[in-house]
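Structural features, examined
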Amino acid sequence: MNAPLLLQGKTIVVVGAAGRIGRVIVGAVLSAGGRVVALDTDAASLKALTDIHGTASLECVSVDMADRASLDRTLVDAHNRFGAVEGAVNTAYPRNARYGRHFFDVKYTDFCENTSLHMGGYFLFMQACARYALELEQPFSLVNLSSIYGSMAPRFDVYAGTAMTMPVEYAAIKAGIEHMTRYLNAYMKGRSCGFRANCVSPGGILAGQDEQFLGRYGEHCLSKGMLDASDVSGTIVFLLSEAARHVVGQNIIVDDGFSV
Ligand SMILES: NC(=O)c1ccc[n+]([C@@H]2O[C@H](COP(=O)([O-])OP(=O)(O)OC[C@H]3O[C@@H](n4cnc5c(N)ncnc54)[C@H](O)[C@@H]3O)[C@@H](O)[C@H]2O)c1
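Residues numbered from 1 in each chain as written. Predicted model: local features only at pLDDT ≥ 70, side-chain atom pairs only at ≥ 80, totals over all residues. Heavy atoms only, no water.

Concerning the packing of aromatic side chains
- Overall, the coordinates contain nine aromatic pairs when judged by the stated rule.
- On the numbers, 5.7 Å between centres and 15° between planes, the contact of F140 with F195 is stacked. With F140 in strand β5 (residues 140–145) and F195 in strand β6 (residues 195–202), this pair connects stretches of sequence that are 55 residues apart.
- Using a relative accessible area of 2% as the deciding quantity, one classes F140 as buried.
- Judged by centre distance (5.5 Å) and plane angle (20°), the ring pair of Y159 and F213 falls under stacked. On the criterion of sequence distance, the pair formed by Y159 in the loop between β5 and α5 (168–188) and F213 in helix α6 (residues 211–218) is long-range, its members being 54 residues apart.
- The exposure class assigned to Y159 is buried, which follows from its relative accessible area of 11%. (Phe/Tyr/Trp six-rings, centres within 6.5 Å; stacked < 30°, edge-to-face > 60°. Helix = DSSP H or I, 4+ residues; strand = E, 2+ residues; numbered from the N terminus. Buried < 20%, exposed > 50% of the residue type's maximum accessible area, 1.4 Å probe, protein only.)

Next up, the structure:
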């Protein structure tokens with residue numbers, strides 16, 4: 001007899017679904033027996049998702065997570081199409097055109113805009129999910145994507161000689177998302193719906209980075225170094241599933257040991 005699929009019959013909303021990690025999460029949830037409502041601002045890349053997976057268990061909606069009314073409407077529409085929404089993953093990565101600069105080159109206005117787009121957007125989606133779960137008295141598992149840099153100081157030496165750095169906004173945003181996740185669990189505890197939220201913090205994801213950088217990064221790791229998105233998606237599927245029903249307010253780091 002086959003083992004039951006971890007997300008059989010569950011409807012999961014994925015924000016940032018068209019991105020490097022998001023599209024792999026969509027595939028992983030579908031493979032685990034779930035249905036996916038995929039949200040992103042990038043309509044063309046969403047279309048590519050339906051080309052791959054079809055539309056029987058996948059609905060793609062072009063939505064900006066900064067738009068509160070659209071988020072609420074999308075959750076209701078998802079409910080009407082597939083039945084109760086039992087979980088969500090936020091893997092969006094909004095940033096402005098000047099994001100990614102060195103510490104002394106970051107302007108105050110850019111710091112504020114990037115934290116507002118990213119941390120503010122995650123806040124709005126957390127509100128929408130908690131409101132939905134409360135109104136429907138619906139058990140709900142939310143997974144927020146953080147990063148190793150939400151809880152560890154950057155290893156700036158790995159970026160030496162490359163155009164890359166670890167932006168200060170990112171440290172503030174991801175630490176903020178991790179702590180907001182703890183806050184939300186405390187706030188929702190004791191209410192009738194059984195809402196829980198956790199973070200997953202990936203290490204760096206492979207995307208054609210410079211060989212010297214990959215080598216230096218890998219020296220801090222156990223075996224692989226930088227990871228593929230598929231190395232992270234299993235942890236996300238687990239947190240969405242009943243197997244993790246008592247995992248509440250945690251941050252699971254998946255980084256091949258980089259942060260250890
Ligand atoms: N790539 C990495 O190395 C890495 C490592 C650790 C953590 N993370 C985190 O994982 C998450 C996903 O990263 P990624 O590499 O897949 O990023 P990505 O840029 O490839 O994808 C992000 C997706 O979010 C969408 N998006 C941006 N703003 C949005 C908004 N306002 N509303 C809805 N969708 C929006 C984009 O269109 C894009 O499809 C991010 O939170 C990132 O911080 C990434």
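Picking up after the structure, the text goes on.
A look at the pattern of salt bridges
- Counting across every chain of the model gives ten salt bridges.
- R131 serves as the salt-bridge partner of D72, at 3.0 Å between the closest nitrogen and oxygen. Note that D72 is positioned in helix α3 (residues 68–82) and R131 in helix α4 (residues 108–136), a separation of 59 residues in sequence.
- With relative accessibility at 23%, the residue D72 sits in the partly exposed group.
- Each member of the salt-bridge network shares a partner with another, and the members are K10, E86 and E242. (Salt bridge = Lys/Arg side-chain N within 4 Å of Asp/Glu carboxyl O.)

Section: the sheet that holds strand β7 (residues 251–254)
- The parallel open sheet is built from seven strands, whose spatial order is β3-β2-β1-β4-β5-β6-β7. Each edge of the sheet is formed by a strand with only one pairing partner; in this case those strands are β3 (58–62) and β7. Taking each pair of neighbouring strands and ignoring which way they run, the sheet shows an average axis angle of 20°.
- Of the strands in this sheet, β1 (11–15), β2 (35–40), β3, β4 (85–90) and β5 touch helix α1 (residues 22–31), which is tilted by about 165° from β2. (Pairing = 2+ DSSP bridges. Axes fitted to C-alpha atoms, helices over the stretch in contact; angles between N-to-C directions. Contact = heavy atoms within 4.5 Å.)

Structural notes on the packing of α4 against α5
- Taken N-terminus to C-terminus, the directions of α4 and α5 make an angle of 20°; their axes are 10 Å apart at the nearest point. Classified by the angle their axes make, α4 and α5 are roughly parallel. The interaxial crossing formed by α4 with α5 has right-handed handedness. Across from D110, F111, N114, T115, H118, M119, Y122, F123, M126, A130 and L134 in α4, the residues of α5 making contact are V168, E169, Y170, A172, I173, K174, G176, I177, M180, T181, L184 and M188.
- Of the residues in the contact of α4 with α5, the class split is 15 nonpolar, five polar and three charged. (Parallel < 35°, antiparallel > 145°, perpendicular 65-115°, else oblique. Left-handed = near helix turned anticlockwise from the far one by under 90°. Nonpolar A, V, L, I, M, F, W, Y, C, P; charged D, E, K, R; others polar.)

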